[in-house]
Amino acid sequence: SKAQVQDGVARFDCKASDSGWCHYTVYPEACGGGRDCALAPLQRFAVARGESRQIAGLRDFKLCVSLDDTALGPDF
């Protein structure tokens, strides 16, 4: 998976996945990787292998990516 932000638009590319999907959980930058972060995810979504998704307005965030739809916490 690859994620990048340019001109206020975040792009998430699912390059490869054994399951056929990349599952993303996007947290506010304020979580800083701490397990005790009480902030809810900004977004949760899946992208098919070989596809991408763009979201406008995401600037400062932390990202978790997995092969299944298990909810991921901000402890990355």
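Shown above is the structure to which this text applies.
Residues numbered from 1 in each chain as written. Predicted model: local features only at pLDDT ≥ 70, side-chain atom pairs only at ≥ 80, totals over all residues. Heavy atoms only, no water.

Novice: Can you walk me through the sheet that holds strand S5 (residues 52-56) in this structure?
Specialist: Pairing between the strands of a sheet is mediated by backbone hydrogen bonds and can be parallel or antiparallel. Ordered in space as S1-S2-S5, the three strands form an open sheet in which the pairing is antiparallel. The sheet is open, and its two borders are formed by strand S1 (2-6) and S5, each paired with just one other strand. Neighbour-to-neighbour, the strand axes of this sheet turn through a mean angle of 15°, independent of strand direction. Bridge count between strand S2 (residues 9-13) and S5: five bridges; the pairing is antiparallel. Residue Val 9 lies in a different strand from S5, and its bridge partner there is Ala 56. (Pairing = 2+ DSSP bridges. Helix = DSSP H or I, 4+ residues; strand = E, 2+ residues; numbered from the N terminus. Axes fitted to C-alpha atoms, helices over the stretch in contact; angles between N-to-C directions.)

Novice: Help me understand the environment of Gly 57 in this model?
Specialist: Here Gly 57 is to be found in the loop between S5 and strand S6 (61-66). Residues Gly 57 and Ala 10, 47 residues apart in the sequence, show an inter-C-alpha distance of 7.6 Å.

Novice: In this structure, what is going on with the sheet that holds strand S3 (residues 21-28)? I would like to understand it.
Specialist: One open sheet accounts for three strands, arranged S4-S3-S6; its pairing is antiparallel. Among the strands making up the open sheet, the edge pair consists of strand S4 (43-48) and S6. Strand-to-strand twist of the sheet, defined as the mean angle between neighbouring strand axes without regard to direction, takes the value 25°.

Novice: Which parts of the structure should I look at to understand the state of the cysteines?
Specialist: Disulfides are covalent bonds that connect the sulfur atoms of two cysteines. Applying the stated criterion across every chain, the model contains one disulfide. Across the disulfide from Cys 14 sits Cys 22; the S-S distance is 2.1 Å. Its S-S torsion of approximately 70° makes the covalent link between Cys 14 and Cys 22 right-handed. Of the two residues examined, Cys 14 and Cys 22, each falls in the buried class. (Disulfide = S-S within 2.5 Å. Buried < 20%, exposed > 50% of the residue type's maximum accessible area, 1.4 Å probe, protein only.)

Novice: Sorry, what's going on with the packing of aromatic side chains here?
Specialist: Tallied over the entire structure, the rule returns four aromatic pairs. Judged by centre distance (5.1 Å) and plane angle (70°), the rings of Phe 12 and Phe 45 are edge-to-face. Residue Phe 12 is located in strand S2, and its partner Phe 45 is located in strand S4; the two are separated by 33 residues in the primary sequence. We classify Phe 12 as buried; its relative accessible area is 0%. By relative accessible area, Phe 45 is classed as buried at 8%. Between Phe 12 and Phe 61, the ring centres sit 5.9 Å apart and the planes meet at 45°, which makes this aromatic pair tilted. Note that Phe 12 is positioned in strand S2 and Phe 61 in strand S6, a separation of 49 residues in sequence. Like Phe 12, the residue Phe 61 is buried in the burial classification. Its end group placed over the ring of Phe 45, Arg 53 keeps NZ or CZ at 4.5 Å from the ring centre. (Phe/Tyr/Trp six-rings, centres within 6.5 Å; stacked < 30°, edge-to-face > 60°. Lys NZ or Arg CZ within 6 Å of the ring centre and 35° of its normal.)

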